[in-house]
Amino acid sequence: MRTNRNADIIPQVDGLAYGGDYNPEQWDRDTWDEDLRLMHEAGVNLVSVNIFAWAGINPAPDVWDFTRLDAVMDHLHSGGIRADLATATASPPPWFSQRHPETLPVDAEGHRLHYGARAEYCPNAPAYQAAVVEMASRLAERYADHPALAMWHVGNEYYRSCYCDASATAFQTWLQDRHGDLDGLNHAWGTTFWSQTYTDWTQVLPPRQCAETPAPGLILDWRRFCSDALLKLFRSEAQAIEQHSPDKPITTNLMVSGDFAVLDYHRWGPHVTGPNRLVATDHYLIPDGPIPWPAQVAFGADASRGLAGGDPWLLMEQASNSSAWRRGYFAKKPGDQLRHSLSYVARGSEGAMFFQWRASRYGAERYHSAMLPHGGTDSRVWREITAFGAQLKRIAEVKGSAVESRAAILLDFESVWASDTPGQPSADMGAYPELRRWHSALWHRGVTADLVDPSWDLDRYAYVFAPSLYLLDDDAHLRAYVEQGGTLVVGPYSGVVDRNDHVHPGLPGALRDLIGVRVEEFVPVPKGDKVALDDGTEGQTWTEVAHALDAEVVASFADYPGTAAVFRRSLGRGEVWYLSTRPVDLDPLFERIGLAPDFPGVPTGLELVRRKHEDGRSYVFAINHTDDPHPVPATGTDLLTGTAWTPDRDLDPGEAAVISER
Ligand code: GLA
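Residues numbered from 1 in each chain as written. Predicted model: local features only at pLDDT ≥ 70, side-chain atom pairs only at ≥ 80, totals over all residues. Heavy atoms only, no water.

Novice: Looking at this structure, how should I read the sheet that holds strand β22 (residues 606-612)?
Specialist: Backbone-to-backbone hydrogen bonds pair the strands of a sheet. The strands run either parallel or antiparallel. Pairing is antiparallel across the open sheet formed by six strands, whose spatial order is β10-β22-β23-β28-β25-β26. With one partner strand each, in any of the chains shown, β10 (402-403) and β26 (643-645) form the two edges of the open sheet. In this sheet, β22 lies alongside β10 in antiparallel orientation, the contact comprising two bridges. Following the sheet pairing, V403 is matched in β22 by R611. (Pairing = 2+ DSSP bridges. Helix = DSSP H or I, 4+ residues; strand = E, 2+ residues; numbered from the N terminus.)

This is the structure:
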């Protein structure tokens, strides 16, 4: 976490940001007028424009036409709405792809995709790279001083990778930087295995479809390279913008919410935080599955806040109702949208934005929900949208305050990727689902946790959880955290491989000394099965034949005498816990380590989060996701209703309060 907070990340927006993607190119001028009127009715103050408008601005080679975008920006300004102005580079039009066919992406089987949708580009194609810089530069030059401009929005949801020859060449250059020479590369990838030693850089290819599994080190480096290639694209556009528009925030809508671990967001961190940068994320909830929506919301928010290093951040897109591309159509329950939006703000977002303002009548996403649905203004969604706009105005003073959290979960993207490579002892030991499960268990317990990179400053946390930290070079940073008084809890199959995906000698390699435990062998547990521990709890998915070297055994496997499941070791002023299985229920563990809820005595589902200004003003956000009324232990004024709050006052089911504390 940085010590210099960047409290006002969107100074050009009055209060908290509210709005969504706005695509006026899909509508006639009468509709534009209606849009402004309705935006005012809803309390909208910021919209993202120009995200998919390349074809209009640059309809042919060397032809530039800003007439419509000028009109859009002026129109927004006339209505006092600010623009999050996008660079339109995420969706090249057909003329561009036809003229530069080498910019179309190639998949791992070697098929070049056809144009006809968005994100049809190879990040490593020189023609595309040049085009996006030109586009960003022209837009920045033209709109830097436009009074509607609040911030810049580069690209859209970076995720594309490409396996073409140009990408292979760029990969080779990237590898030379990382590994120095071919000896370094051959060592890193362990190419003596299956006789894959490289003798010339041109032999090195992306992990294209092979007869069998390529080296895990290759797969891991490829994912690192793909993330870096997209970061390079983002930075090239950001730099082009800065030359003309040095004083406006620049962002891109990341997908930090957990579904798409395509980028190493923590490597992106320095480029989306700090002066004139801001972390923005999109979050679409998974309709079914084990984690309830409010806990999913919390995960996306807590990961974004972790990435922002404690600074505020912005929820750039969410759905007011169904996300058409999710498995089938689904509807949010009445009030969900309000509760979700408020929860993002509780957890540090400086507002709540949507995809999109007005539902499209055509195109692939015509059935995606919007702030203004096909059903029009006489609709539940619209009533909730206007209600939330009014709420945001009432709580505007929270802007710039920081979220209080005592706990962190370590989220390491390289571990996520490495634990997903083929050839693992169990297909069920991927890191991401386990991180989500732990986060959800903490949410149910009423503990707000930041999801942070393991290398970051951990000293501000009383508790650090490493549910699944498969890849780790050494323990120095975590050891220092424990010695200085922290409580660290490490889940199984952690510290196993180094940065090259080589298994450390003496399991669990990098963590063996710190946790004081020796692992003899791995014993995966079939899906659905459970193993009993002698303290009455159960494990699942995985067990290890593990022995204490310098640790106390807290619990053992009931049916396997001599093999321990839960270890504790005191070290310096702190302690470290190690689990050699994945607990079915995490609560007994939390009890054991003395982890109290942030607000003791509060039932599961009454979400309480505190935001605090540096000058001491503080706010308790309370959202009741349960079916019963519950008292909220806070004293002050509920900003949503303007009424006094005392700890004996009940919050009704489904309702929320934002209590400015006295
Ligand atoms: C993403 C994209 C949007 C839209 C939404 C739909 O967030 O950025 O353009 O496709 O998904 O959910």
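Novice: Even after reading the chapter, I still don't get the site of the ligand, so can you show me in this structure?
Specialist: With respect to spatial proximity, the complete set of residues near the ligand consists of F52, R118, N156, E157, N253, D282, Y284, E317, W325, F355, E365 and H368. Within the side chain of N156, one N or O atom sits 3.0 Å away from an oxygen atom of the ligand. In this structure, an oxygen atom belonging to the ligand sits 3.2 Å away from a side-chain N or O atom of D282. Compared with its free state, where it exposes 310 Å², the ligand has 98% of that area covered by protein. (Near = heavy atom within 4 Å. Polar contact = N/O pair within 3.5 Å; in protein donor to acceptor, adjacent residues only side chain to side chain. Areas by Shrake-Rupley, 256 points an atom, 1.4 Å probe, with all protein chains shown as cover.)

Novice: Teacher, can you tell me more about the packing of aromatic side chains here?
Specialist: Each aromatic ring pair is characterised by the separation of its centres together with the angle its planes make. Taken as a whole and assessed by the stated rule, the structure comprises 33 aromatic pairs. Ring plane angle 35 degrees and centroid distance 5.6 Å describe the contact between F234 and W268, whose orientation is recorded as tilted. Taken together, the residues span a long stretch of sequence, with F234 in helix α8 (residues 216-244) and W268 in helix α9 (residues 265-272) at a distance of 34 residues. Exposure class is identical for F234 and W268. Each is buried. Aromatic side chains F522 and W542 sit 4.9 Å apart centroid to centroid with 45 degrees between the ring planes, which places their arrangement in the tilted category. Here W542 lies in strand β17 (residues 538-548) and F522 lies in strand β15 (residues 517-524), a separation of 20 residues in the sequence. (Phe/Tyr/Trp six-rings, centres within 6.5 Å; stacked < 30°, edge-to-face > 60°. Buried < 20%, exposed > 50% of the residue type's maximum accessible area, 1.4 Å probe, protein only.)

Novice: Explain the pairing of strand β14 (residues 487-490) to me, please; I cannot follow it from the model alone.
Specialist: Where a strand is regular, its side chains alternate between the two sheet faces. Burial along β14 is two-sided: the face carrying T487 and V489 and the face carrying L488 and V490 are both buried. Two strands pair when backbone bridges link them, and strand β13 (residues 463-466) and β14 are joined in this way by four bridges, in the parallel orientation. Bridging from a neighbouring strand, Y463 pairs with T487 of β14. At this point the chain moves from β13, through helix α15 (residues 476-483), to the parallel β14, and the crossover so formed is right-handed. In the sheet, β14 pairs with strand β20 (residues 574-579) via four bridges, with the strands oriented parallel. When the sheet's bridge partners are listed, L488 is paired in β20 with V576. (Right-handed = clockwise from strand over helix to strand, strands pointing away.)

Novice: Just checking my understanding: could you explain the layout of surface pockets for this structure?
Specialist: Empty space left among the atoms is revealed by rolling a probe the size of a water molecule over them. If you add up the space inside the largest pocket, you get close to 1,200 Å³. Taken together, 45 residues form the lining of the largest pocket, with F52, S91, R118, A364 and E365 sitting closest to its centre. Among the secondary structure elements, those contributing two or more residues to the lining of the largest pocket are α2 (54-57) and α4 (94-99). Among the elements that make up the lining of the largest pocket, the one with the highest residue count is α2 (three residues). In this structure, the second largest pocket is lined by 27 residues; those nearest its centre are W194, T213, P214, A215 and P216. Contributions of two or more residues to the lining of the second largest pocket are made by α7 (182-189) and α8. With three residues, the top contributor of residues to the lining of the second largest pocket is α8. (1 Å grid on protein atoms, 1.4 Å probe; cavity = no way out; pocket = protein on both sides within 12 Å on 5 of 7 lines; lining within 4 Å. Points joined across faces, edges and corners; volume = space filled by probe spheres on them.)

Novice: Help me out: how do you make sense of the domain arrangement of the protein in this one?
Specialist: When the parts of a complex come together, some accessible area is lost, and that lost area is often used as the size of the interface. Each assigned domain of the protein is listed with its residue range as follows: domain 1 (17-99 + 126-159 + 252-400), domain 2 (407-592) and domain 3 (606-660). Spacing between the C-alpha centres of domain 1 and domain 3 amounts to 29 Å. With 17 residues of domain 1 at the interface, the matching set in domain 3 holds 16 residues. Together domain 1 and domain 3 conceal approximately 1,600 Å² of surface at their shared face, both sides included; 62% is due to carbon and sulfur atoms. (Domains from an automatic or database assignment. Contact = heavy atoms within 4.5 Å. Buried area = accessible area lost by both parts, 1.4 Å probe.)

Novice: Which parts of the structure should I look at to understand the nonpolar core?
Specialist: Nonpolar side chains in soluble globular proteins tend to be buried together. One finds I395 and F465 to be the most contacted residues of the largest nonpolar core, which totals 168 residues. Setting aside residues no more than four positions away along its own chain, I395 makes contact with L16, L342, V345, F621, L639, L640 and V658. Counting 17 residues, the second-largest nonpolar core is a separate cluster that includes W174, L182, V204 and W222. (Core = buried A, V, L, I, M, F, W, Y, C linked by side-chain atoms within 4.5 Å.)

Novice: Looking at this structure, how should I read the packing of helix α10 (residues 293-307) against helix α14 (residues 431-445)?
Specialist: For any two helices packed against each other, one specifies the crossing angle of their axes together with the interaxial distance. Where α10 meets α14, the closest approach of the two axes is 9 Å, and the angle between their N-to-C directions is 110 degrees. Regarding the angle of α10 to α14, the classification is roughly perpendicular. As α10 runs across α14, the sense of the crossing is right-handed. Every residue of α14 that contacts α10 at P294, A295, A298, F299 and D302 is listed here: Y432, L435, R436, H439, S440 and W443. (Axes fitted to C-alpha atoms, helices over the stretch in contact; angles between N-to-C directions. Parallel < 35°, antiparallel > 145°, perpendicular 65-115°, else oblique. Left-handed = near helix turned anticlockwise from the far one by under 90°.)

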